[in-house]
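Report on the structure
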Amino acid sequence: MPDTPPDRPDDERDRTEQIDPFAQIHSLRDREAAAGIPGLAGYAVIVASGPRRGLHWSLPEGTTAAGRDPAATIFLDDITVSRNHAEFIVEGGHLWVRDQGSTNGTYVNGRRTEGAALEPGDEVIIGRFHLVVARGA
């Protein structure tokens, strides 16, 4: 055994494992979206992970507020969520999400966005809440 440690660590012992932090959420997202919500007509968002997992909200035609404000239809009570964080807009059979100038941002499928069109299976991250878009018949 040498008296001094080697200048470079052994490559096999010092490897950093690469992971896809969204891989688990994506597979969950696909299962949740495929399962749908019995009796759902139109769009909904499902809490896929994080606080309140499994909870869902139907999204009627028009605008639905999401945030930490108790008056928000989608009340997400966590300090990582801004009071008026985002809004979901359903119009003419289409769904969009729009950030409302939140502190931590709104993410769609892993990318921060000011606004985006959504499809069933898309993932929306608001603070610690991972929401999945579902659509009924």
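The rules behind each value
- Residues numbered from 1 in each chain as written.
- Predicted model: local features only at pLDDT ≥ 70, side-chain atom pairs only at ≥ 80, totals over all residues.
- Heavy atoms only, no water.
- Helix = DSSP H or I, 4+ residues; strand = E, 2+ residues; numbered from the N terminus.
- Buried < 20%, exposed > 50% of the residue type's maximum accessible area, 1.4 Å probe, protein only.
- Pairing = 2+ DSSP bridges.
- Axes fitted to C-alpha atoms, helices over the stretch in contact; angles between N-to-C directions.
- Core = buried A, V, L, I, M, F, W, Y, C linked by side-chain atoms within 4.5 Å.
- Contact = heavy atoms within 4.5 Å.
- Salt bridge = Lys/Arg side-chain N within 4 Å of Asp/Glu carboxyl O.

Its identity is not glycine, yet Asn109 carries a phi of approximately 50 degrees, on the positive side. Within the element layout of this structure, Asn109 appears in the loop between β7 (106-108) and β8 (111-113). Here Asn109 falls in the partly exposed class, since its relative accessible area comes to 30%.

Let us look at the pairing of strand β10 (residues 123-126). Both faces of β10 are covered, namely the face carrying Glu123 and Ile125 and the face carrying Val124 and Ile126. Examined bridge by bridge, β7 and β10 share three bridges and lie antiparallel to one another. Within β10, the residue paired with Tyr107 across the bridge is Ile125. Both β10 and strand β11 (residues 129-135) contribute to a ladder of four bridges, which runs antiparallel.

Take the sheet that holds β11 next. Taking strand neighbours across the sheet as the criterion, the six strands line up as β2-β1-β11-β10-β7-β8 in an open arrangement whose pairing is antiparallel. Edge strands, defined here as strands with exactly one partner in the open sheet, are β2 (56-59) and β8. Averaged over neighbouring strand pairs, the angle between their axes works out to 30 degrees when direction is ignored. Pairing between β7 and β8: three bridges, direction antiparallel. Residue Tyr107 lies in a different strand from β8, and its bridge partner there is Arg112.

Counting 22 residues, the largest nonpolar core has Phe88, Val124, Ile126 and Leu131 as its most contacted members. Elements with a minimum of two residues in this core: β1 (43-49), β2, β5 (86-91), β6 (94-99), β9 (115-118), β10 and β11. Apart from the residues within four sequence positions on either side, Val124 is in contact with Phe88, Val97, Thr106, Tyr107, Val108, Leu118, Phe129, His130, Leu131 and Val133.

This structure, assessed with the given rule, holds two salt bridges. Arg128 is the partner of Asp78 in a salt bridge, and the nearest nitrogen-oxygen pair spans 3.2 Å. Residue Asp78 is found in the loop between β4 (74-75) and β5, and its partner Arg128 is found in the loop between β10 and β11; the two are separated by 50 residues along the sequence. Judged by relative accessible area, which is 12%, Asp78 ranks as buried. The salt bridge partner of Arg98 is Glu87, with a shortest N-O separation of 2.4 Å. Note that Arg98 is positioned in strand β6 and Glu87 in strand β5, a separation of eleven residues in sequence. For Arg98, a relative accessible area of 41% translates into the label partly exposed.

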